[in-house]
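Here's the letter readout for the chains.
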Amino acid sequence: MAVDFVLTGYTPGDRAEACALQDPLLRGGPEGNGSYLDWKYHENPYLDGRYVVLARTPGGELAGMVGVFGSGWEVDGQRFVLPCLTDTIVAPEHRNGPVFHAMVDEVLARLRRDNVPWLLDFGDQGTVPAMLIRGWQQVGPWGQAVLNRPAGHGFRGPWSALPDARGTRSGVTITAATAPDVEAMAAVAAALPGDGRVRVARTASYFGWRAGNPLAKYYYLLARSETGAVEGYLVAHRSGVDTDDGPTPTTVVDCEASSDDVQADLVRLAAETLPGTRFLLWTRDLPDPVLKELAGLGAEFVEPTGRPTRDRPLPSLLIRATGAQTVPAALADLVKPDSWDFRGVSGRGWR
């Protein structure tokens, strides 16, 4: 017999139950999961948790949760906030039923009511077929580069103690840090001209917020010229609940620079020194010098085959029109792959 789920928003009173439900995904325990949910939905610089939806059975049991957080984007100087689906989970006894789609439909209804035109999802590609049937459109998939390394790879001291290095292509000095220089990094991103495509708006507040993820471990590299000016940066991510040699990949989630050679030097040093048995980054918009450095290091380049089952592990973007009455002209063609600029964002930048 079908269950009529009760759909609600997320309140402080739901926190403990939500932490328990999310633990198979987050693995942070009650304290870690709670801190993560607070960070994701209440400290986000773009959006509060108004679009998070919970599903309960008539008896009050928490059956599922769909998270929605804000992500900032820019097009030639115009900035927009786009909501992104994340942290979606359904209790085991209610999987393969209607609850997931019921929660997403409720999110779409709330966004449509508020005249928000699009909902994004960079999530689990295993859900792609079912979501396409329900009106989502796929941007991608696109390729990625993967380096497989033995256990124990990389610099094993405190990351901030990594010796300074000089870029072989650019001559810049590259230093490591465990915290972002948010102003310098934002200045690098802001100095790069737009080209009419949509790209992540890397602001100081964004960098500061992302660094606060309590379930993540971040590694930062900064490239400086002889005058001390910051010429580029790289941000890499590992799960904070995994060991250095555990199954979580080390992912370059953001890398921008004043030149392709500086970017290539940053990526090479990251690949040589970061821990993790798998090192990966998106390749869709990477410049040739970066690709050549990765090839020289022995990276495997995994490109789309056109066969959904083979391409499932590759990154892609799902996008859903909400039915809002108005759509800004700059956001009208987001379903086209060439509308998106992923040159610097080599992985999900909010991770």
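Residues numbered from 1 in each chain as written. Predicted model: local features only at pLDDT ≥ 70, side-chain atom pairs only at ≥ 80, totals over all residues. Heavy atoms only, no water.

### Some details on the packing of aromatic side chains
Within this structure, the stated rule accounts for 14 aromatic pairs. Ring geometry for Trp 73 against Trp 340: centres 5.1 Å apart, planes inclined by 85 degrees, an arrangement best described as edge-to-face. Taken together, the residues span a long stretch of sequence, with Trp 73 in strand β3 (residues 62-75) and Trp 340 in the segment after β16 (317-321) at a distance of 267 residues. For Trp 73, a relative accessible area of 2% translates into the label buried. According to the relative accessible area criterion, Trp 340 is buried, its value standing at 0%. Centre to centre, the rings of Phe 207 and Tyr 233 are 5.4 Å apart; their planes meet at 80 degrees, and the pair counts as edge-to-face. In this pair, Phe 207 is assigned in helix α6 (residues 204-211) and Tyr 233 in strand β12 (residues 230-239), connecting sequence segments 26 residues apart. Of the residues examined, Phe 207 reaches a relative accessible area of 1% and is grouped as buried. The exposure class of Tyr 233 is buried, given its relative accessible area of 0%. Each member of the aromatic cluster is reached from another via a ring pair, and the members are Trp 73, Phe 122, Trp 142, Trp 282, Trp 340 and Phe 342. Note that Arg 284 overlies the ring of Trp 142, its terminal NZ or CZ placed 5.6 Å from the centroid. (Phe/Tyr/Trp six-rings, centres within 6.5 Å; stacked < 30°, edge-to-face > 60°. Helix = DSSP H or I, 4+ residues; strand = E, 2+ residues; numbered from the N terminus. Buried < 20%, exposed > 50% of the residue type's maximum accessible area, 1.4 Å probe, protein only. Lys NZ or Arg CZ within 6 Å of the ring centre and 35° of its normal.)

### Quick look at the nonpolar core
Judged by nonpolar contacts, the single largest core of 53 residues is most densely connected at Met 65, Trp 73 and Trp 340. Ranked by size, the runner-up nonpolar core spans 29 residues in total, among them Ala 223, Ala 270, Ala 271 and Val 290. (Core = buried A, V, L, I, M, F, W, Y, C linked by side-chain atoms within 4.5 Å.)

### Comments concerning helix α5 (residues 182-191)
Every buried residue of α5 is listed here: Ala 184, Met 185, Ala 186, Val 188 and Ala 189. Against β10 (199-200), α6, β11 (216-224), β12 and β13 (250-257) lie the buried residues of α5. (Contact = heavy atoms within 4.5 Å.)

### Comments concerning the sheet that holds strand β15 (residues 300-302)
Pairing is mixed across the open sheet formed by 8 strands, whose spatial order is β8-β9-β11-β12-β13-β14-β7-β15. Each having just a single partner strand, β8 (165-166) and β15 make up the two edges of the open sheet. With 2 bridges joining them, β13 and strand β14 (residues 278-282) adopt parallel strand pairing. Looking at the pairing, Thr 251 lines up with Leu 280 of β14. (Pairing = 2+ DSSP bridges.)

### Here we look at the pairing of strand β7 (residues 144-148)
With 4 of 5 residues buried, β7 is to be regarded as a mostly interior element. Direction of pairing for β7 relative to β14: antiparallel, over a ladder of 5 bridges. Within the sheet, the bridge partner assigned to Val 146 lies in β14 and is Leu 280. Across 3 bridges, the pairing between β7 and β15 is antiparallel. Paired with Val 146 across the strands is Glu 300, a residue of β15.

### Observations regarding the pattern of salt bridges
Two side chains bearing opposite charge may form a pair once their charged atoms approach each other closely. The tally for this structure, following the rule as stated, stands at 26 salt bridges. The salt bridge involving Arg 169 is made with Asp 261; its shortest N-O contact spans 3.5 Å. Here the residue Arg 169 occupies a position in the loop between β8 and β9 (173-177), and Asp 261 occupies one in helix α7 (residues 260-273), the gap between them amounting to 92 residues. Classification of Arg 169 by relative accessible area gives partly exposed; the value is 34%. Each of Arg 169, Asp 261, Arg 268, Glu 272 and Glu 293 takes part in one network of salt bridges that share partners. (Salt bridge = Lys/Arg side-chain N within 4 Å of Asp/Glu carboxyl O.)

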